[in-house]
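One letter stands for each residue in the lines below.
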Amino acid sequence: MPNALQQKASPQYRSLFPDWSGPRPLRFFLLEQLLEARRQSSFPTNLAGPDEDVNIYLADLLTAFLGGQHSPHIHFGAFPLLAPPAKNLPRRSQAEFYRINADHRLIMLGLFNRGDHLRKRMDLFGMDHREIQRRDFGVGKHCYELAVNLLENRNVVNSGMIDVWRKLSENFELYIQVLSTMAVSRLGMGAKLSQTDLYRLISLHGHHRT
């Protein structure tokens, strides 16, 4: 599980309203927003079976991502499947490679509707946005499956993590929808200005210039 909370300078937040408790870990805020987003989404918590553990995992994942932790092992497009890790590496190392790339696609698709942060354009030559999205969905889902298959029934110490990856693989698209709901309705990401708001901003800008 991402270890953002173990960092000395972990991100924190403070409420806009008077809050005598002082700054709190960003993870608390993100978990609260995630739970509300799940309630508002088409995939509320425990709908397909117990998955509170996935909520905790996603909160840690979001905290690490928004805190600027980006692994150098993230690969562009379908390359995690086209150029897999060497077979002579320990299974845990191979699984970690797939987990990192699956996590990244889950976050990027959910928050930004794109599969990775390595490409500069939304569309690629010879592929439209829908084709790219299907590919990115497939890569993320399959990377979780491979991580599970590599460690399943291998006497892994933290077997609970494998259960989380399995749930993310089985309902990959639905968890993306949860993150998308969180981005738009809870964090204000992707919100669009109305025509009235746009005119108001233009008029205010003109007023300040005079």
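Read on for a plain summary of the structure. (Residues numbered from 1 in each chain as written. Predicted model: local features only at pLDDT ≥ 70, side-chain atom pairs only at ≥ 80, totals over all residues. Heavy atoms only, no water.)

**Observations concerning helix 2 (residues 52-66)**
- Taking 1.5 Å per residue as the helical rise, helix 2 with its 15 residues ought to reach 21 Å, and the 21 Å between its terminal C-alpha atoms agrees with that figure.
- Counting buried residues in helix 2 gives 11 out of 15 residues, a clear majority hidden from the surface.
- Elements in contact with the buried residues of helix 2: helix 1 (26-40), helix 4 (91-112), helix 5 (129-151), helix 6 (159-170) and helix 7 (172-186). (Helix = DSSP H or I, 4+ residues; strand = E, 2+ residues; numbered from the N terminus. Expected span 1.5 Å × (residues − 1). Buried < 20%, exposed > 50% of the residue type's maximum accessible area, 1.4 Å probe, protein only. Contact = heavy atoms within 4.5 Å.)

**A short note on the packing of helix 2 against helix 4**
- Interhelical geometry of helix 2 versus helix 4 gives an angle of 80 degrees and a closest axis separation of 11 Å. One way to sum up the angle between helix 2 and helix 4 is to call them roughly perpendicular. Of helix 4, the residues touching helix 2 (which contributes Tyr-57, Leu-58, Leu-61, Leu-62 and Phe-65) are Arg-99, Asp-103, His-104, Leu-106, Ile-107, Met-108, Leu-111 and Phe-112.
- Of the residues contributing to the contact of helix 2 with helix 4, the split by class is 10 nonpolar, one polar and two charged. (Axes fitted to C-alpha atoms, helices over the stretch in contact; angles between N-to-C directions. Parallel < 35°, antiparallel > 145°, perpendicular 65-115°, else oblique. Nonpolar A, V, L, I, M, F, W, Y, C, P; charged D, E, K, R; others polar.)

**Focus: the nonpolar core**
- Core analysis: the biggest nonpolar cluster contains 40 residues, and Tyr-57, Leu-58, Leu-106, Tyr-144, Trp-165 and Leu-168 have the highest contact counts within it.
- Of all elements in the fold, only helix 1, helix 2, helix 4, helix 5, helix 6 and helix 7 reach the threshold of two or more residues within this core.
- Tallying contributions element by element places helix 4 first for this core, with nine residues.
- Setting aside residues no more than four positions away along its own chain, Leu-58 makes contact with Leu-34, Leu-106, Leu-168 and Tyr-175. (Core = buried A, V, L, I, M, F, W, Y, C linked by side-chain atoms within 4.5 Å.)

**Here's the deal with the packing of aromatic side chains**
- All chains considered together, the criterion is met by six aromatic pairs.
- Ring geometry for Phe-76 against Phe-79: centres 6.4 Å apart, planes inclined by 45 degrees, an arrangement best described as tilted.
- Judged by relative accessible area, Phe-76 falls into the partly exposed class, the value being 28%.
- A centroid spacing of 6.1 Å and a plane angle of 65 degrees characterise the contact between Tyr-144 and Phe-172, whose relative ring orientation is edge-to-face. Of the two residues, Tyr-144 is situated in helix 5 and Phe-172 in helix 7; the sequence distance between them amounts to 28 residues.
- Under the relative-accessibility criterion, Tyr-144 is labelled buried at 0%.
- Chaining the aromatic ring pairs together yields one cluster made of Phe-137, Tyr-144 and Phe-172.
- Just above the ring of Phe-76 sits the side chain of Arg-135; from NZ or CZ to the centre is 6.0 Å. (Phe/Tyr/Trp six-rings, centres within 6.5 Å; stacked < 30°, edge-to-face > 60°. Lys NZ or Arg CZ within 6 Å of the ring centre and 35° of its normal.)

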